[in-house]
Amino acid sequence: MRFRWSNCILFLGYLFLYFPLICIVVYSFNESRFVASWTRFSLKWYKVLISNPIILRATLTSIKIACFSATISVILGTMAAIIITRFKRFSGKTIFIGAITAPLVMPEVIMGLSLLMLFVGMEKIFGWPARSGVCAVTIAHITLTLSYVTMLVQARLQDMDKAIEEAALDLGASPIKVFFVITLPIISPTIILGWLLAFALSLDDVVIASFVAGPGATTLPMIVFSSLRFGISPEINALATILMTVLSIGVIIFAVLTYKKKTWNKEK
Amino acid sequence: MYRIEERIIFLLTKLARKISGRNLIISIPFLWIFLFFICPCLILIQISFSESLIASPPYTSLVDWISGHVLQIRINLENYMFLFTDEMYIRGFITSILIAGTSTICCLLIGFPMAYAIARTHEKFRSILLMLVVLPFWTSFLIRVYAWIMLLSPCGFINSLLMKFHLVDVPLQLLNNSFAACIGIVYAYLPFMIFPLYNAIEKIDYALIEAAYDLGSSPITAFFSIVVPLSAPGIYAGSALVFVPAIGEFVIPELLGGVQTLTIGRLVWNEFFENMSWPTAASLSIVLLIFVVLPIVFTQRRREIEVLTKE
């Protein structure tokens, strides 16, 4: 293969994207605390990580919040996407679309601050949501991820062949039946992708959670963030390696499955 | 004349007809967005016009009932005046815009060649290459920032490498300055730049560039007179996608930028968590929101103009 500039650019670009991450993975197996000296391969930092009860508890809290918020946000987001693509014009539709996409560009600091002010007001009037609970964080994360899921599902619904749905409606199926029998199976890969994205976003968020969470709902990113303020710590290397492995395995499995399904459909 | 009961029944049936499945489906996400997005924003605006108070909640209410029948509305503009007279906040605005602008330009300079190279590879590889661009995006944001702490810190990877080969004697101060904050933002938001650029560049007919070569233009002229104008929509979209989140960014300047890189996001955080001044934090957020909305309106208008000229 002869030398080409474009290959050189690609190599440098991907080096920039992946080198920092590879560094984390490599140094998570370093026995020494310092990056400067590579002493020998060890799983010491993984052991330290697993025996840390604070990190374990925060991980559980985070996963719980992420699961709940991803599920609810996928349900609400699919509804919103159907409203945007399939419903006739109704008064306030433009406002609806605007409001549902706005969190995409909203700085996290503002979202966290404004939601906290709402929760403080609500707590004063209704006594709910209690700030120590995970409820407030879950609500905040649903609002954050809802717009991403809506955009994703909406794009898929627009690409989809509408004739199939119309045929089912002409043959006398109710709109609800059409949705569950026709539309849902077709868009289900997108919905799973939306769930994964919402899960990842929720597991990732530190700013909104820091504003909204009370003392009882410390999430994993909050702990990572506070330890990063003090610089390098090898436990975070180990944690990052675990998180990266889990997330990339999830994404790769998803990609392989959709790819296989596509080729399978083509063969059929 | 209807009797009262008849009227009530009439109204109720009218209402019941309105509560169809359709309206119910519309109302659920709408209510959610209204309650947890629009309401908080309104509260934020309200608090930005109130006065600071040592109480819980620490601000005065705008609307007051005085002696039962006088409605008093007090709008306090002092918070906003304060933001535009205090040097620290003005410097914060400038720092934010400079950092977001520099990172956007750097993203463009790195993203354009990459998007161009991806679009020029064989069709088989393109989807894999694009997936490789997004894959780091799926790993945690904090981890990506942490990676740069590890590379740039005084006892980090780059410095220890430089020391080992005796290129420097004292570790370089790479971390805790605006340079590090820019690198972090570029690294975190590069995929947002590459995707719109790729979409625009992929559509360019390569025959146009070959025609330019045949007519004797140099590669540089061909690039600037054909590729750049045709990929302009991608450039605008990508720049907006990087600039908008970069200007409100909190985590990256906080962890990589050091003490002196005070961006608006950090100022909001400090006002709220350290000074406990809710009204100042709220009015700062509103100003930040204006900085975010302006580039969006700009790109939106450009797109509208493009569509109109095409028609």
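Residues numbered from 1 in each chain as written. Chains lettered and ligands numbered in written order. Predicted model: local features only at pLDDT ≥ 70, side-chain atom pairs only at ≥ 80, totals over all residues. Heavy atoms only, no water.

## Remarks on the overall build of chain A
- Of regular secondary structure, chain A possesses 11 helices and zero strands.
- In chain A, the succession of helices and strands from N to C terminus is α-α-α-α-α-α-α-α-α-α-α.
- Across its three principal directions, the C-alpha atoms of chain A cover 70 × 70 × 35 Å.
- Relative to its 268 residues, chain A shows a buried fraction of 49%.
- Put simply, 68% of the contacts in chain A that link residues at least 6 apart link residues at least 24 apart.
- When the accessible surface of chain A is split by element, carbon and sulfur atoms take 70% of a total near 13400 Å².
- Here chain A carries 23 positive and 12 negative side-chain charges, and the mean point of each set is 4 Å from the other. (Helix = DSSP H or I, 4+ residues; strand = E, 2+ residues; numbered from the N terminus. Buried < 20%, exposed > 50% of the residue type's maximum accessible area, 1.4 Å probe, protein only. Contact = heavy atoms within 4.5 Å. Areas by Shrake-Rupley, 256 points an atom, 1.4 Å probe, with all protein chains shown as cover. Lys, Arg positive; Asp, Glu negative; His and termini not counted. Charge placed at Lys NZ, Arg CZ, Asp CG, Glu CD.)

## Remarks on the environment of Ile164(A)
Residue and element names in this part refer to chain A.
- As for its placement among the helices and strands, Ile164 is situated in helix H7 (residues 162-170).
- The class of Ile164 is partly exposed, set by a relative accessible area of 37%.
- Residues Ile164 and Val178, 14 residues apart in the sequence, show an inter-C-alpha distance of 9.4 Å.
- If we skip the residues at most four places from it in the chain, Ile164 touches Ile182 and Ile186.

## Considerations on unusual backbone geometry
Residue and element names in this part refer to chain B.
- The residue His166 is not glycine, and still its phi comes out positive at about 55°.
- Inspection of the secondary structure puts His166 in the loop between helix H7 (157-164) and helix H8 (178-202).
- For His166, a relative accessible area of 64% gives the class exposed.
- Within the chain, Met276 stands out as a residue other than glycine whose phi angle is a positive 55°.
- Topologically, Met276 is positioned in the loop between helix H13 (264-273) and helix H14 (278-310).

## Quick word on the domain arrangement of chain A
Residue and element names in this part refer to chain A.
- For chain A, the assigned domains read domain 1 (1-42 + 236-268) and domain 2 (54-231).
- Look at where the C-alpha atoms of domain 1 and domain 2 centre, and you get two points 28 Å apart.
- Across the contact, seven residues belong to domain 1 and 10 residues belong to domain 2.
- Of the roughly 710 Å² buried where domain 1 meets domain 2, counting both sides, 89% is carbon and sulfur surface.
- Looking at the side of domain 1 facing domain 2, the largest losses of area belong to Ile236, Leu239 and Phe254, adding up to 61% of the total buried there.
- At the junction of domain 1 and domain 2, the tally comes to zero residue pairs in polar contact (both at pLDDT 80 or more). (Domains from an automatic or database assignment. Buried area = accessible area lost by both parts, 1.4 Å probe. Polar contact = N/O pair within 3.5 Å; in protein donor to acceptor, adjacent residues only side chain to side chain.)

## Things to note about the pattern of salt bridges
- Scanning the entire structure with this criterion turns up five salt bridges over all chains.
- Between Arg229(A) and Glu254(B) there is a salt bridge, with its nearest N and O atoms 2.9 Å apart. Remark: Glu254(B) occurs in helix H12 (residues 251-256) and Arg229(A) occurs in the loop between helix H10 (220-228) and helix H11 (234-267); the pair is interchain, linking two chains.
- Residue Arg229(A) is classed as partly exposed on the basis of its relative accessible area of 42%.
- For Glu254(B), a relative accessible area of 17% translates into the label buried. (Salt bridge = Lys/Arg side-chain N within 4 Å of Asp/Glu carboxyl O.)

## Brief notes about the pairing of strand E2 (residues 70-73) of chain B
All names here are of chain B.
- One ladder, built from four bridges, connects strand E1 (residues 63-66) with E2; its direction is antiparallel. Within E2, the residue paired with Trp65 across the bridge is Leu71.
- In textbook terms, the turn of a hairpin is the stretch between consecutive antiparallel strands, and for E1 and E2 this stretch comprises three residues, one of which, Ser67, has a positive phi near 45°. (Pairing = 2+ DSSP bridges.)

## Here's the deal with the domain arrangement of chain B
Residues and elements named next belong to chain B.
- Along its sequence, chain B is carved into domain 1 (17-73) and domain 2 (83-310).
- A separation of 35 Å is found between the C-alpha centroids of domain 1 and domain 2.
- Contacts between domain 1 and domain 2 engage 10 residues on the former and eight residues on the latter.
- Taken as a group, Leu44, Ser48 and Pro58 account for 54% of the area that domain 1 buries against domain 2, more than any other trio of residues on that side.
- In this assembly, domain 1 and domain 2 are joined by zero salt bridges.
- Where domain 1 touches domain 2, the interface holds zero residue pairs in polar contact (both at pLDDT 80 or more).

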